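# Survey of secondary and tertiary structure
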Amino acid sequence: MIQEPQRVSAADFIRGFANWRLQAARKPVVVTHHGKDAHVLISLDDYRRLDGGDARDIAARGDALQASHAALVESIRDAVILIDPAWHIVAVNPAGCDLLERSAAALIGEALAATLPGLETGLLAHRLTRLIDHRERFSGEIPGVVRPGQWLRIDLLPVPVGGAIVLRDVSAAMEEHAAADAQRALLQAIEVDGAIGHARISVRETVESANAALIAMIGVDAAAIRRVRFSALMPIGHRRRFVETLESVFRTGTAERITAELVTREGTALPVTLSIAEIRGTYASEGAVIAVTAAR
């Protein structure tokens, strides 16, 4: 069927794109440039009905690409929620259902504020407003969006339907950061105390680092004991017990405490107490930390 096209200037087409896109579903829209016909906007169905196989091939490839994008979103481990400009959920992937502990059927059409309890109390609401109104992206860690105490890595992305919210639970990583901060503070407190020596040793017992208090106890500089076996800093009679204790720590993962002696630079024996704890990495032992205090 021959359809009489509608004509619109390029400037008016840009300003009223949403309206002209709907008009093109009923009849072709010719976009003019300086009064001359330049482009034609038609519906996808009309495009597929054009003569020749190229149009059908292009349309088929487009459909396949859209299907692959949808499959990708469905399979990724991050939760993905799509919202419309009114902040209603229009789509959610399986990971999103798992995070929110609800089915997709129950979530689609629901207001986002009803799904994310912490939405209105934090930074996220402002960022979503910027996303919908200005297509502004955002990435960051925000606590308490879904449940109290939970940290989520949130990425906001503009999409044609409105906005995409990508969520990943990073609570464990944030706890590790907090623990690392506490450990750094503890080491600073030990250094300020000045009476507690400590050394980090490898699984082969060699000294990798030592603090100023331990170096002062022995009376040497840091370079002199680096890569030296820790047991070599002891009198011969104390070495066997230390090695057996260290092996027990590596075998069981349980910290142990023993009395021993260190040989100073002057050759005197300094009675000390050693507290030994394993440094356990993700896959294997990475050595141990030894805290050294002078016996009283």
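Up top is the structure.
The present account deals with the structure reproduced in this document. This is a predicted model, so every value here is computed, not measured. (Residues numbered from 1 in each chain as written. Predicted model: local features only at pLDDT ≥ 70, side-chain atom pairs only at ≥ 80, totals over all residues. Heavy atoms only, no water.)

### Focus: helix H2 (residues 17-24)
Residues of H2 that are buried: Trp20, Gln23 and Ala24. The arc enclosing the buried residues of H2, seen along the axis, measures out at 100°, which places them on a common side. Those residues of H2 that are buried are in contact with strand S1 (6-9), helix H1 (10-15), strand S2 (29-33) and strand S3 (36-41). (Buried < 20%, exposed > 50% of the residue type's maximum accessible area, 1.4 Å probe, protein only. Helix = DSSP H or I, 4+ residues; strand = E, 2+ residues; numbered from the N terminus. Arc of directions from axis to C-beta. Contact = heavy atoms within 4.5 Å.)

### Some points on unusual backbone geometry
Located in the positive-phi region is Glu205, a residue other than glycine, with phi close to 80°. By secondary structure assignment, the location of Glu205 is in the loop between strand S9 (196-201) and strand S10 (207-210). According to the relative accessible area criterion, Glu205 is buried, its value standing at 6%. Phi at Arg227 takes a positive value of approximately 70°, unusual for a residue other than glycine. Assignment of secondary structure puts Arg227 in the loop between helix H11 (222-225) and helix H12 (236-252). Looking at Arg227, the relative accessible area reads 54%, which means it is exposed.

### Notes on the sheet that holds S1
Read across the sheet, 3 strands follow the order S1-S2-S3 without closing on themselves; strand pairing throughout is mixed. Unpaired on one side and paired on the other, S1 and S3 mark the two borders of the sheet. Strand after strand, the sheet turns through a mean of 35° between neighbouring axes, direction not considered. Where S1 meets S2, 4 bridges bridge the pair, whose relative direction is parallel. Bridge pairing in S2 places Gln6 opposite Val29. (Pairing = 2+ DSSP bridges. Axes fitted to C-alpha atoms, helices over the stretch in contact; angles between N-to-C directions.)

That is the geometry; function is a separate question.
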